[in-house]
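Commentary on secondary and tertiary structure
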Amino acid sequence: MDPSLPCFILLTLLGSVVSSFDDRHRNGTRHYGYCVLGAGPSGLQVGYFLSKAKRDYIILERNSGPGSFFNKYPRHRKLISINKMHTGRQNREFNLRHDWNSLLSDKPELLFKRVSSEFYPPADAFPVYLSMFVKELGLKVQYGVDIGRIRAVQSSTRRSYILTDQHKSDYSCSILLVATGLWVPHKVEFVGSDLVEGYESISTNPEDYKDQAVLILGKGNSAFETAQSILGSASRVHMLSSSPVRLAWQTHYVGDLRAVNNELLDTYQLKSLDGLVEARLEKIAIAQRKEQSGRRSGGKKNEKKRQLYLTLKKYVHSREVKNSSDVTGEELPGHHIDNFPTRKPYDRVIRCLGFRFNFSIFDSSACPPNSENAKGRLPGVTAWYEGKNTPGLFVLGTAAHSRDYRSSAGGFVHGFRYTARAVHRVLEHRYHSNEWPSTQLLTTQLQSWILKRVGEASGPYQMFEVLGDVVLLRGSHGEYLEEFPIQALPQFSSLSGHEVSSHGLIVVIMQYGKKKIDYLGRSRAETDWTKAWQSNFLHPVLYYYDTLPTEEEMKLRPPGWPLPRPKAVHHMVEDFLTEWDGPISHIQPLRRFLERCVHTDLRAFYAESCFRLSLTHRKPPLYCQQGYLKQQGIPHNSRLRQHVHDARLVPAERDAGTSGADPTFPNYLAPAGASMSSGLKLDL
């Protein structure tokens, strides 16, 4: 061998490495296919999917570890996301319905219960779990990178994003995934707002509120969490916001007030000094009286404890200084209304108004618009979570909650872990030509597969009315796509890579009833399957369309409907155990609906029945065609012949369902109520 050959190979390899390094770091800029901004739960979740797909990505985090938000918030250090460890089931997918903290991965043991067994776990456990998630999956996270500016650059061939950190270093990527969450305190300007303390900086020691009167601005979970922590110390706690309290168990929105934080409702309704009032913050004023200081007889100034008054802006005389808050007695509400509810002074006023998205780091070329809902606190995104007017920039996690604000769980870990997966599937098709994953099923298997999904799947269960399963009908078979963003159905083909045939499609979603009821009253639940459409609690609903809904139809859908009016719709009656496996109440009505969609008998038959039907019908039921008849007929033996004789399988038996049948049905399809259900029982 030529002695110079090893040196040549070594130099070639070294040159390749240097060239690769130069490509990644040309002009001092690091280049990646995907930049994920933020190492919180949503950033790590999409990072896992990118890593699994072997994509070129980096996760950038400004702090020294993942999930830094949870090092400070919630301030009183208890999460309200449930951690139900024992469900009586071994089905991992089903158990995720009741595990609101774990992220998705291919490691079944990588669950939150490894770091905490408490039903409402401590907040400190979450960064520990996220660190474990990063380490065990080998995710690429770069800490200490504080991105201060994001701008878009458009070349002749593509659009890219440039991220600049605190050291003026640049990171360039084709696709930007923003997973920063919400951490900027939301503030409302009003007269005296400078006298208010913020949730982000208040003391969490109850002793610091001993015998103090406290006014809390806000009625969300952070406000009630704060109130609950000081109920035993403060002399009285009042809460003020523009709207009444919304209880999560009534609205089915987990962001509304949870029972774990609502002790003040007891003390208010049982008249123990605490209370709730309503007023728009823009119309109030927090003020100090001018006469708060005086002089003792010796001439020394008598300093009084600072007291704050809640008054109305209309009572305060106009001033040049916007936040000037010293008022006279005539400007206090008690001067105008002697029984004004909050006429007595407070020692402290605390702002607990939640958080908003940090728009300040975005250049005008890369900034998504403010959302139309949530008071503009969130970025506006499309139904597939791409920023409006910012192609290639996707928003994930809590920041993307504008899509389902106050209606589903997209702002919380147990919801956005599934929307992150949906976004990744969109990216895989758009940039790598990989179709949305699907399962090929025979038409006779559709019922079993749908029952399996509604009985165990966690994605549609948590992201109700947002993510749904799509069944593409193709005659004798179908394709089953899981967890597609249903508001994006008009763009289904371009986002998923699948086409809809002339046979149509079925969308399977979970939804609550729309009727306002007494949620603890005797008639709160519907058990009659013939009135399934009146179900009040979470239940499966199937929508059948012969063609894809259009964008216009989506906009004009009935109020409260997640989808436009379909050609046919089927509600599966709500089930107390959320299993939907009743042969009469759930399975048979579902089968009848599917038969009307596919125009085929979907009953299950024993082998003997298939044999009889094969002898007496030109075209046996599809179940027999796709199953029994593909097993090469019946083996010739005396035992089977005797079994057929004992079963009295005579060919002269009259076909059922020939009179008054749906003309689209084969004449062997029995009328409703006459056929026997397969009574499928799934081992979940």
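Keep in mind the model is a prediction, meaning the values are calculated, not measured.

1. Quick word on the pattern of salt bridges
- For the coordinates displayed, the defined rule picks out 25 salt bridges.
- Asp-601 is paired through a salt bridge with Arg-603; the nearest N and O atoms lie 2.8 Å apart.
- In this structure, a network of salt bridges that share partners links the residues Arg-421, Arg-453, Asp-469, Glu-482 and Glu-483.

2. Comments concerning the packing of helix α2 (residues 41-52) against helix α4 (residues 125-137)
- Where α2 contacts α4, the axes come no closer than 11 Å and their chain directions differ by 15°. One way to sum up the angle between α2 and α4 is to call them roughly parallel. Between α2 and α4 the crossing geometry is left-handed. Side by side, α2 and α4 meet where Pro-41, Leu-44, Tyr-48 and Ser-51 of the first sit next to Phe-126, Leu-130, Phe-133, Val-134 and Leu-137 of the second.
- Each residue belonging to the contact of α2 with α4 can be placed in one class, and the counts come to eight nonpolar, one polar and no charged.

3. Comments concerning the sheet that holds strand β16 (residues 326-327)
- If you walk across this open sheet you meet the three strands as β15-β12-β16, and the pairing is mixed. A single partner strand is all that each edge strand has here, and the edge strands are β15 (309-312) and β16.
- Examined bridge by bridge, strand β12 (residues 284-289) and β15 share four bridges and lie antiparallel to one another. Pairing of Ile-286 across the sheet is with Leu-310, part of β15.

4. Quick word on the packing of α2 against helix α9 (residues 413-432)
- Contact geometry for α2 and α9: axes closest at 9 Å, N-to-C directions at 35°. Note on packing geometry: the crossing formed by α2 with α9 is right-handed. Contact residues: α2 offers Pro-41, Ser-42, Gln-45, Val-46, Phe-49 and Leu-50, while α9 offers Val-413, Phe-416, Arg-417, Ala-420, Arg-421 and His-424.
- For the contact of α2 with α9, the class distribution of residues is seven nonpolar, three polar and two charged.

5. Concerning the pairing of strand β23 (residues 505-511)
- Of all seven residues in β23, seven are buried, a share of seventy percent or more.
- Side chains of β23 alternate between two faces, with Leu-505, Val-507, Ile-509 and Gln-511 and Ile-506, Val-508 and Met-510 buried alike.
- As paired elements, strand β21 (residues 467-473) and β23 share four bridges and run antiparallel to each other. Each bridged residue has a counterpart across the sheet, and for Leu-472 the counterpart in β23 is Leu-505.

6. A few points about the pairing of strand β24 (residues 539-545)
- The buried fraction of β24 is high, at seven of seven residues.
- The alternating pattern of β24 places His-539, Val-541, Tyr-543 and Tyr-545 on one face and Pro-540, Leu-542 and Tyr-544 on the opposite face, and all of these are buried.
- With seven bridges joining them, β23 and β24 adopt antiparallel strand pairing. Within β24, the position partnered with Ile-509 by the bridge is Val-541.
- As defined by bridge partners, β24 adjoins strand β25 (residues 568-571) across four bridges and the pair is classed as antiparallel. Within the sheet, the bridge partner assigned to Tyr-544 lies in β25 and is Ala-568.

7. Description of the sheet that holds β25
- Strand order across the open sheet formed by six strands is β20-β22-β21-β23-β24-β25, with antiparallel pairing between neighbours. Edge positions in the open sheet fall to β20 (438-442) and β25, since each of these has one partner strand only. Within this sheet the neighbouring strands show an average axis-to-axis angle of 20°, counted without direction.
- Along the sheet face, α9 touches β21 and β22 (477-485) and points at about 120° away from the line of β22.

8. Observations regarding the environment of Ile-162
- Along the chain, the position of Ile-162 falls in strand β5 (residues 159-164).
- Classification of Ile-162 as buried rests on a relative accessible area of 10%.
- The spatial distance from the C-alpha of Ile-162 to the C-alpha of His-31 is 9.2 Å, given a sequence separation of 131 residues.
- Beyond its immediate chain neighbours, meaning those up to four positions away, Ile-162 contacts Arg-149, Ile-150, Arg-151, Val-153, Asp-170, Tyr-171 and Ser-172.

9. Details of the confidence of the model for the protein chain
- Residues with a pLDDT of 70 or more make up 84% of the protein chain, whose mean pLDDT is 88.
- Scored below 50 in pLDDT, residues 16-23 makes one contact in the model with residues more than four places away or belonging to other chains.

10. Remarks on the side chain of His-252
- Take His-252: it is sitting in the loop between α6 (248-251) and α7 (263-269).
- On the accessibility criterion, His-252 (15% relative accessible area) is buried.
- Other than its neighbours up to four places away in sequence, His-252 contacts Phe-464, Tyr-512, Tyr-519 and Phe-537.

11. Concerning the state of the cysteines
- Scanning all chains against the criterion turns up one disulfide.
- Disulfide pairing places Cys-610 opposite Cys-624 at an S-S distance of 2.1 Å. The S-S bond linking Cys-610 to Cys-624 shows a torsion near -85°; that makes this disulfide left-handed. Pair noted here: Cys-610 is in helix α15 (residues 607-616) and Cys-624 is in helix α16 (residues 622-626), with a separation of 14 residues, a long-range link. Across this residue pair, the class does not change: Cys-610 and Cys-624 are buried.

12. Digging into helix α14 (residues 583-598)
- With 12 of 16 residues buried, α14 is to be regarded as a mostly interior element.
- Turning to α14, its buried residues number three or more, namely His-586, Ile-587, Gln-588, Pro-589, Leu-590, Arg-591, Arg-592, Phe-593, Leu-594, Glu-595, Cys-597 and Val-598.
- Each element contacted by the buried residues of α14 is listed here: α10 (446-456), β21, β23, β24 and β25.
- Where α14 terminates, the next one or two residues include His-599, which has phi positive at roughly 55°.

Rules of the game
Residues numbered from 1 in each chain as written. Predicted model: local features only at pLDDT ≥ 70, side-chain atom pairs only at ≥ 80, totals over all residues. Heavy atoms only, no water. Salt bridge = Lys/Arg side-chain N within 4 Å of Asp/Glu carboxyl O. Axes fitted to C-alpha atoms, helices over the stretch in contact; angles between N-to-C directions. Helix = DSSP H or I, 4+ residues; strand = E, 2+ residues; numbered from the N terminus. Parallel < 35°, antiparallel > 145°, perpendicular 65-115°, else oblique. Left-handed = near helix turned anticlockwise from the far one by under 90°. Contact = heavy atoms within 4.5 Å. Nonpolar A, V, L, I, M, F, W, Y, C, P; charged D, E, K, R; others polar. Pairing = 2+ DSSP bridges. Buried < 20%, exposed > 50% of the residue type's maximum accessible area, 1.4 Å probe, protein only. pLDDT = per-residue confidence, 0-100. Disulfide = S-S within 2.5 Å.

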